[in-house]
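Examination of the molecular architecture
If you want the building blocks of each chain, they are given just below.
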Amino acid sequence: MKRTLLALSTVAAFAAVAADDPKQRQDLAAVIALQGKPCGEVVSYVAKADNDFVAICKDGNRYRVYVKDGRVIVEKQ
Amino acid sequence: MGARFLMGSVSSGFAALVIVAGCGVVSPPPPTPPPAVEPKAAAKPDAPKAIPPKPATPQTAKAAPPTTSPAPVAAKGPALDLRSLEQRLKDTNAIGVMTKLSLKNQVDDLVAQFRAFHDGHRPPTLTELRRPFELLLMKVLSLLQDQDPALANQINASREAIWSLLSDRDKLAPYL
């Protein structure tokens, strides 16, 4: 049972891939800024799915940035 | 797949923006009305003839003589090719995909406000719409200016034309 849980958590950890594409970081930073939310600079992000990210800002803010019904949504986390 | 969908929707949204932008450029805006500073003689009756020997700065020193043709100051870019601008906006690497989509959302929202205005809803008056229009244009320009300054300049040059298109119901109708 313990092993199964461990395996599952490992899989889950890999499912949300932390990535470091500078272009993607800039894109996320621009999106967050366009929505008028404080961030400054995105220092890292996690890709949860297609067009679904969690961006971590330099100032400590975290935002989920995703697309829903053709709109880009930025949610503070 | 998601990215492909995004690009499609971004393309169409941006096409609308470009069409709006490009259409405006056909007739460049009357950017800066010539400064009404001609009554120079009234201030100093005997001064005007003393200045000519010092033509160091062409704009300020040559105000009096009638040779004031070299003042097409504001960015009067070449006539804009709509299709190429559209393509350039789609292709530009200055703006990421999600940013393009986010901009498209905001353009759509603004156009919806103009549509409401043209439909007779008055909370947003034309004067009130000017501010969000300028704000959105500034966002676009600030995103483009560092990495695609030429495109930013072209869009900036068509600012007034875009405004005149948006604020004119008949001009806007074909693009809705």
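Each value, and the rule that gives it
- Throughout this description, residue numbers start from 1 for each chain and increase along the sequence as written.
- A letter from A marks each chain and a number from 1 marks each ligand, given out in the order of writing.
- In keeping with the predicted nature of the model, local features appear solely for residues at pLDDT of at least 70, side-chain atom pairs appear and are counted solely at 80 or more, and the whole-chain, interface and lining totals rest on all residues.
- Secondary structure elements are defined from DSSP: runs of H or I of at least 4 residues count as helices, runs of E of at least 2 residues count as strands, and each element is numbered from the N terminus.
- Exposure classification rests on a simple neighbour count of other C-beta atoms within 10 Å of a residue's own: a residue reaching 20 or more is buried, one at 12 or fewer is exposed, and one in between is partly exposed. C-beta atoms are placed from the backbone.
- Note on contacts: each residue gets a C-beta atom placed from the backbone, and two residues are in contact if those atoms are within 7 Å.
- DSSP bridges decide pairing: two strands pair if at least two such bridges lie between them.
- With axes taken as lines fitted to C-alpha atoms, and helix axes fitted only over the stretch in contact, angles between N-to-C directions fall between 0 and 180 degrees.
- Working rule for angles: under 35 degrees goes down as roughly parallel, over 145 as roughly antiparallel, 65 to 115 as roughly perpendicular, anything else as oblique.
- Here is the rule for handedness: rotate from the far helix to the near one, and if that takes an anticlockwise turn smaller than a right angle the crossing is left-handed, while a clockwise turn gives right-handed.
- Residues are grouped as follows: Ala, Val, Leu, Ile, Met, Phe, Trp, Tyr, Cys and Pro are nonpolar; Asp, Glu, Lys and Arg are charged; every other residue, Gly included, is polar.
- Each residue carries a pLDDT score, the predictor's own confidence in it, on a scale running from 0 to 100.

Some thoughts on the overall build of chain A
Each helix and strand in chain A was counted, giving 2 helices and 5 strands. Helices and strands in chain A line up, N terminus first, as α-β-α-β-β-β-β. In chain A, buried positions account for 27% of the 77 residues. Excluding contacts between residues fewer than 6 apart, the proportion of contacts in chain A whose partners are at least 24 apart in sequence is 27%.

Looking at the pairing of strand β3 (residues 52–57) of chain A
Residues and elements named next belong to chain A. Pairing between strand β2 (residues 42–49) and β3: 6 bridges, direction antiparallel. Across the sheet, A47 pairs through a bridge with F53, a residue of β3. Remark: 2 residues form the turn of the hairpin made by β2 and β3, two consecutive strands paired antiparallel; N51 in that turn has positive phi of roughly 55°. Inspection of the sheet shows β3 paired to strand β4 (residues 62–68) by 5 bridges, in the antiparallel sense. When the sheet's bridge partners are listed, D52 is paired in β4 with Y66. Taking the residues between adjacent antiparallel strands as the criterion, β3 and β4 are bridged by 4 residues, where G60 takes a positive phi near 95°.

Concerning the packing of helix α2 (residues 22–34) of chain A against helix α5 (residues 97–118) of chain B
Packing of α2 of chain A against α5 of chain B brings their axes to within 7 Å, and their N-to-C directions diverge by 20°. Relative to α5 of chain B, the element α2 of chain A lies roughly parallel. Seen from above, α2 of chain A lies across α5 of chain B with left-handed handedness. Contacts from D27, L28, A30, V31 and L34 of chain A of α2 of chain A reach α5 of chain B at V97, M98, T99, S102, L103 and Q106 of chain B. Counted by class, the contact of α2 of chain A with α5 of chain B contains 7 nonpolar, 3 polar and 1 charged residues.

Let's talk about the confidence of the model for chain B
Any residue range with low pLDDT should be treated as having predicted coordinates unsuitable for detailed reading. Residue and element names in this part refer to chain B. Overall, the prediction assigns chain B a mean pLDDT of 67, with 51% of residues at 70 or greater. The least confident element of chain B is helix α2 (residues 40–43), whose mean pLDDT is 38; the most confident is helix α6 (residues 126–144), at 93. Throughout residues 9–16 the model reports pLDDT below 50, and contacts reaching past four residues in sequence, or to other chains, amount to 17 contacts. Here the predicted complex carries an ipTM of 0.79, next to a pTM of 0.66.

A word on the interface of chain A and chain B
Counting residues at the interface gives 14 residues for chain A and 16 residues for chain B. Looking at which element gives the most residues to the side of chain A that touches chain B, the answer is α2 of chain A, with 7 residues. A breakdown of the residues in the side of chain A that touches chain B according to their chemical character gives 7 nonpolar, 3 polar and 4 charged.

Looking at the packing of α6 of chain B against helix α7 (residues 149–157) of chain B
Residue and element names in this part refer to chain B. Contact geometry of α6 with α7 gives a least axis separation of 8 Å together with a crossing angle of 160°. When the interaxial angle is binned, α6 and α7 end up roughly antiparallel. Judged by the twist between their axes, the crossing of α6 over α7 is left-handed. Packed against α6, whose contacting residues are V140, L141 and L144, the element α7 presents L151, A152, I155 and N156 at the interface. Of the residues that constitute the contact of α6 with α7, the class distribution is 6 nonpolar, 1 polar and no charged.

Describing unusual backbone geometry
Residue and element names in this part refer to chain A. Positive phi, normally seen in glycine, also occurs at N51, with a value near 55°. With respect to the helices and strands, N51 occurs in the loop between β2 and β3. In this structure, D69 takes a positive phi of about 50° despite not being glycine. Its location among the elements puts D69 in the loop between β4 and β5 (71–76).

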